[in-house]
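Read off the chains here:
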Amino acid sequence: MSNSKEANIFTTGQVAKICQVAPRTVTKWFDSGQLKGYRIPGSQDRRIPHKSLVTFLTDNGMPLGELSNDTEVRILLIGDQTELVGLLNAQNQSIKTQMVLTTFEAGIAAVRFDPHCVVLDACTTQSNTRSIIQGLRRILSENCPVVGIIGEDAEDTLQDLFDESFRTPFDNNLISTRVVTLANQFSSKR
């Protein structure tokens, strides 16, 4: 199964295969309102969003099957934080990280990667940190936490741009634990 956003919409046949039931059973769940989704205009075809399917399966005590692979937590790191990437990946196998170095890459990654948490190294973005954060807030899912890594000598107003911030030097283990906690909290609310 692809992790693209387009693959997060399922037909009744796909849901039937995942749930190991007949397609007619899925249609009954849909028509009774137990399974949320929508009909394609001008058609009787039904479509079920990923989130609705996961909620339905969880609420009814059914196994997630192949959908369990889609529950990874995605963390976007902006700036050179190679050591932090290693620590995040070592913490939990359901964490996927992506590190970008430029503002342009950050914008693209925010859309395509759809992160549950963003870590921005303000030490490397320096003068345009404010504009980067404003741009990210327009792109990111609502309430996606943005964690800042700021220098010792950074102005205090910079700290106010982030949901949480850490001043250098910082403990990589501490920040990685906190970032994972924030990402998990956000991903469970989506």
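Keep in mind it's a predicted model, so treat the numbers as computed, not measured.

Asker: Whenever I open this one, the side chain of Asn-172 confuses me. Can you help?
Answerer: Locating Asn-172 in the fold gives a position in helix H9 (residues 172–189). Residue class for Asn-172 comes out buried when judged on its relative accessible area of 14%. For Asn-172, the contacting residues outside a window of four places in its chain are Glu-83, Leu-84 and Leu-87.

Asker: Could you clarify how one ought to interpret the sheet that holds strand E5 (residues 95–100) in this entry?
Answerer: Remark on secondary structure: sheet strands pair via backbone hydrogen bonds, oriented parallel or antiparallel. Overall, parallel pairing links the 5 strands, which are arranged E5-E4-E6-E7-E8 in an open sheet. The two strands at the open ends of the sheet, each matched to only one other strand, are E5 and strand E8 (164–167). In this sheet, adjacent strand axes meet at a mean angle of 15 degrees when their direction is disregarded. Two elements, strand E4 (residues 73–78) and strand E6 (residues 117–121), share 4 bridges in a ladder whose sense is parallel. By the bridge assignment for E6, Leu-76 is matched with Val-118. Helix H7 (residues 129–139) contacts E4, E6 and strand E7 (146–150) of the sheet and is inclined by roughly 165 degrees relative to E6.

Asker: What should I look at first to understand helix H2 (residues 23–32) in this one?
Answerer: Residue pairs spaced three or four apart in an α-helix point in one direction, given the helix's 3.6 residues per turn. Residues Val-26, Thr-27, Trp-29 and Phe-30 constitute the buried set of H2. One side of H2 carries all its buried residues, which in axial view fall inside an arc of 160 degrees. Seen from the open side of H2, the exposed residues pointing more than 90 degrees away from its buried face are Arg-24 and Lys-28. At its buried positions, H2 is contacted by helix H1 (12–19), strand E2 (38–39), strand E3 (46–49) and helix H3 (50–59). At the C-terminal side of H2, Gly-33 shows a positive phi close to 90 degrees.

Asker: How do you make sense of the pairing of E3 when you look at a structure like this?
Answerer: Residues in a regular strand point their side chains to alternate faces of the sheet. For strand E1 (residues 9–11) and E3, the ladder comprises 3 bridges, and the chain directions are antiparallel. Residue pairing across strands places Thr-11 opposite Arg-47, the latter belonging to E3. Across 2 bridges, the pairing between E2 and E3 is antiparallel. Opposite Arg-39, over in E3, you have Arg-46 as the bridge partner.

Asker: Just to check I follow, could you spell out the sheet that holds E1 for this structure?
Answerer: Reading across the sheet, the 3 strands line up as E1-E3-E2 and stay open at both edges, with antiparallel pairing between neighbours. Either end of the sheet is taken by a strand with one partner, and the two such strands are E1 and E2. Against the sheet, H1 touches E1 and E3, its axis set at about 90 degrees to E1. In this fold H2 packs onto E2 and E3, with an angle of close to 80 degrees to the strand it touches most, E3.

How each quantity is defined
Residues numbered from 1 in each chain as written. Predicted model: local features only at pLDDT ≥ 70, side-chain atom pairs only at ≥ 80, totals over all residues. Heavy atoms only, no water. Helix = DSSP H or I, 4+ residues; strand = E, 2+ residues; numbered from the N terminus. Buried < 20%, exposed > 50% of the residue type's maximum accessible area, 1.4 Å probe, protein only. Contact = heavy atoms within 4.5 Å. Pairing = 2+ DSSP bridges. Axes fitted to C-alpha atoms, helices over the stretch in contact; angles between N-to-C directions. Arc of directions from axis to C-beta.

Geometric values such as these leave the question of function open.
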